[in-house]
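Listed below are the residues making up each chain.
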Amino acid sequence: MKKLALIGDLRGPGFAALRTWHFRQLRPDAEVFDWRDPGLERQVSFAEAIVTAGIYGPTRAAMRVVGDRPLWLDLPGDPFADAEAAALRGQTEALVEARRVFVPAIGRADAFSSVSGRARDALQGQLGMLGREVPIVVIPVPYTFPQPEAAVRGAVSAGVDVSGVSDVSSGPDVSGASDPIRIALIGSFNTWFDEQTLANALIGLARQRPVGIRVIGGDVPGHFSTGYQNFRQRMEAAALPVTWLPVQSDAELPTALGNSEVGVVLDRPGWEAHFGSRTRLLFYLWMGMRVVATCRCEQAQLLTKQGFVQEVRVGDTDAVIHALQQRRPLPDRAQLRRDWDPDRLGRPLRDWLPERRKSAREGELLAELLREREQLRQELAALRASPSWKLLDGLNRRWRGMI
């Protein structure tokens with residue numbers, strides 16, 4: 001058995017950290033490192049093969065330290081669709097960065113894991129453009145989390161909060177129901193998240209009946225903060241009863257949820273949801289909560305067919321308000337344990353036996369093309385910045401204006 005190094009996220013609270021937790025259970029023979037570790041190249045020098053878990057930091061770190069060793073690269077979702085989502089929220093540099101990081105990575109790795117069949121198909125096309133034939137396996141998000149699985153949550157009485165914080169609105173109850181709808185929002189307000197429709201729905205719902213809202217997490221530091229800031233401003237302007245909580249540790253999350261009964265996951269338009277996944281859907285179910293969500297990714301569509309998700313259309317405020325008020329019992333979660341079993345879904349990684357790399361020529365050719373492209377870009381930028389170019393360009397513009 002070859003010695004493996006698993007490069008993932010041991011410090012963050014997000015998807016990459018959960019993916020690392022899952023992968024280290026599948027490969028207990030691997031020594032695990034955080035992608036931020038100083039001296040990572042020296043720390044993984046013992047390894048005969050490298051595995052990553054999570055897409056951004058782990059990919060960058062692995063490409064920096066892998067050398068000529070076999071590389072299993074985890075690409076959950078499509079990085080170029082992720083970049084599009086960021087660009088649509090004003091981060092146009094994300095497209096350039098995605099090409100800079102992931103084109104060489106896709107040209108280098110010896111095996112891939114993805115999170116959906118759609119993302120696998122997209123990756124297959126990208127590999128085809130590079131003339132590569134490399135194994136790709138789909139390892140969806142499984143139904144397992146560090147916290148113990150919680151009992152199914154039923155209706156709760158008004159004004160009672162197990163954490164001792166009262167977070168129920170006192171708005172008019174025109175629906176005739178006096179008990180509040182207790183809503184939890186867990187995770188980041190990322191570039192794909194539709195905080196505008198969510199805010200519209202919560203404000204509209206609070207006009208009809210009491211609500212209690214818990215927000216655990218928020219923005220994505222260093223990546224995207226606008227969505228969370230906009231949402232919080234609207235909640236505070238509408239004086240809705242929201243308990244704002246920071247990111248919680250695995251052990252703290254069940255208590256932080258209080259007696260929340262329903263989680264909401266809303267996608268914006270764009271390709272990211274088509275290729276990606278929504279881990280928080282399964283987490284809400286793991287915690288015994290019902291789920292209201294747009295169903296654009298494979299995972300959400302399957303969960304909807306199984307009766308675990310109440311589907312709403314993208315951008316449909318009225319549908320979200322209606323669904324939040326429809327308290328439906330959860331089906332037997334034994335089906336989730338069977339269909340989303342972590343050991344079965346992760347078997348390809350568990351059984352991976354890396355071979356010595358036959359040739360690194362593909363990666364060398366791609367790297368050379370990228371270096372040449374970058375050199376030409378720099379030369380063109382220098383040419384356009386030169387006095388001669390500016391003079392000739394000005395004369396050309398004047399000439400065109402005269403004819």
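Source: prediction; values computed, not measured. (Residues numbered from 1 in each chain as written. Predicted model: local features only at pLDDT ≥ 70, side-chain atom pairs only at ≥ 80, totals over all residues. Heavy atoms only, no water.)

Turning our eyes to something else, we now look at the state of the cysteines. Applying the stated criterion across every chain, the model contains zero disulfides. Looking at the unpaired Cys 295, the closest cysteine sulfur is the one in Cys 297, lying at 7.6 Å. Classification of Cys 297 by relative accessible area gives buried; the value is 1%. (Disulfide = S-S within 2.5 Å. Buried < 20%, exposed > 50% of the residue type's maximum accessible area, 1.4 Å probe, protein only.)

Strand order in this open sheet of six strands is S2-S1-S3-S4-S5-S6, and the pairing throughout is parallel. The open sheet has two edge strands with one neighbour each: strand S2 (31–34) and strand S6 (136–138). Neighbour-to-neighbour, the strand axes of this sheet turn through a mean angle of 20°, independent of strand direction. Judged from the four bridges that link them, strand S1 (residues 4–8) and strand S3 (residues 49–52) form a sheet pairing that is parallel. Bridging from a neighbouring strand, Ala 5 pairs with Ile 50 of S3. Against the sheet, helix H1 (residues 15–26) engages S1, S2, S3, strand S4 (71–74) and strand S5 (111–114), with an angle of about 160° to S1. (Pairing = 2+ DSSP bridges. Helix = DSSP H or I, 4+ residues; strand = E, 2+ residues; numbered from the N terminus. Axes fitted to C-alpha atoms, helices over the stretch in contact; angles between N-to-C directions. Contact = heavy atoms within 4.5 Å.)

On to the packing of helix H3 (residues 57–65) against helix H5 (residues 93–106). Put simply, H3 and H5 touch, their axes get as near as 10 Å, and they point 55° apart. As judged from the angle between their axes, H3 and H5 are oblique. Seen along the crossing, H3 lies across H5 with a hand that is left-handed. Contacts from Thr 59, Arg 60 and Met 63 of H3 reach H5 at Glu 97, Arg 100, Val 101, Phe 102, Pro 104 and Ala 105. Of the residues in the contact of H3 with H5, the class split is five nonpolar, one polar and three charged. (Parallel < 35°, antiparallel > 145°, perpendicular 65-115°, else oblique. Left-handed = near helix turned anticlockwise from the far one by under 90°. Nonpolar A, V, L, I, M, F, W, Y, C, P; charged D, E, K, R; others polar.)

In this section: empty space enclosed by the protein. Tallied over the entire structure, the rule returns four cavities of 30 Å³ or more. What the largest cavity holds in volume is close to 70 Å³. What lines the largest cavity is Phe 15, Leu 18, Arg 19, Trp 21, His 22, Val 141, Pro 142, Thr 144 and Thr 279. The element best represented in the lining of the largest cavity is H1, accounting for five residues. A class-by-class count of the residues in the lining of the largest cavity yields five nonpolar, three polar and one charged. Per-element tally for the lining of the second largest cavity: the top contributor is helix H6 (residues 117–129), with three residues. Looking at the lining of the second largest cavity residue by residue, the classes come out as four nonpolar, three polar and one charged. (1 Å grid on protein atoms, 1.4 Å probe; cavity = no way out; pocket = protein on both sides within 12 Å on 5 of 7 lines; lining within 4 Å. Points joined across faces, edges and corners; volume = space filled by probe spheres on them.)

What follows covers the packing of aromatic side chains. Applying the stated criterion across every chain, the model contains 13 aromatic pairs. Ring geometry for Phe 189 against Phe 193: centres 5.1 Å apart, planes inclined by 65°, an arrangement best described as edge-to-face. By relative accessible area, Phe 189 is classed as buried at 2%. When the centroid spacing of 5.9 Å and the interplanar angle of 85° are considered together, the rings of Tyr 228 and Trp 244 count as edge-to-face. Of this pair, Tyr 228 sits in helix H8 (residues 226–237) while Trp 244 sits in strand S9 (residues 242–245), and the two are 16 residues apart along the sequence. Residues Tyr 228 and Trp 244 agree in their burial class; the two are buried. Taken together, the ring pairs connect Phe 189, Trp 192, Phe 193, Tyr 228, Phe 231 and Trp 244 into an aromatic cluster. Cation over ring: Arg 278 sits above Trp 192, and NZ or CZ is 3.5 Å from the ring centre. (Phe/Tyr/Trp six-rings, centres within 6.5 Å; stacked < 30°, edge-to-face > 60°. Lys NZ or Arg CZ within 6 Å of the ring centre and 35° of its normal.)

Where burial is concerned, most of S1 is hidden: five out of the five residues are buried. The alternating pattern of S1 places Leu 4, Leu 6 and Gly 8 on one face and Ala 5 and Ile 7 on the opposite face, and all of these are buried. Pairing between S1 and S2: four bridges, direction parallel. Of the residues in S2, the one forming a bridge with Leu 6 is Val 32. Read as a crossover between parallel neighbours, the route from S1 over H1 to S2 is right-handed. (Right-handed = clockwise from strand over helix to strand, strands pointing away.)

The subject of this paragraph is the sheet that holds strand S10 (residues 262–265). Ordered in space as S9-S8-S7-S10-S11-S12, the six strands form an open sheet in which the pairing is parallel. Because the sheet does not close on itself, it has two edges, and the strands there are S9 and strand S12 (309–311). Pairs of neighbouring strands in the sheet enclose a mean axial angle of 25°, with direction left out of account. Two strands pair when backbone bridges link them, and strand S7 (residues 181–188) and S10 are joined in this way by two bridges, in the parallel orientation. The partner of Ala 184 across the bridge, within S10, is Gly 263. Relative to S9, H8 is tilted by about 150°, and along the sheet it contacts S7, strand S8 (211–218) and S9.

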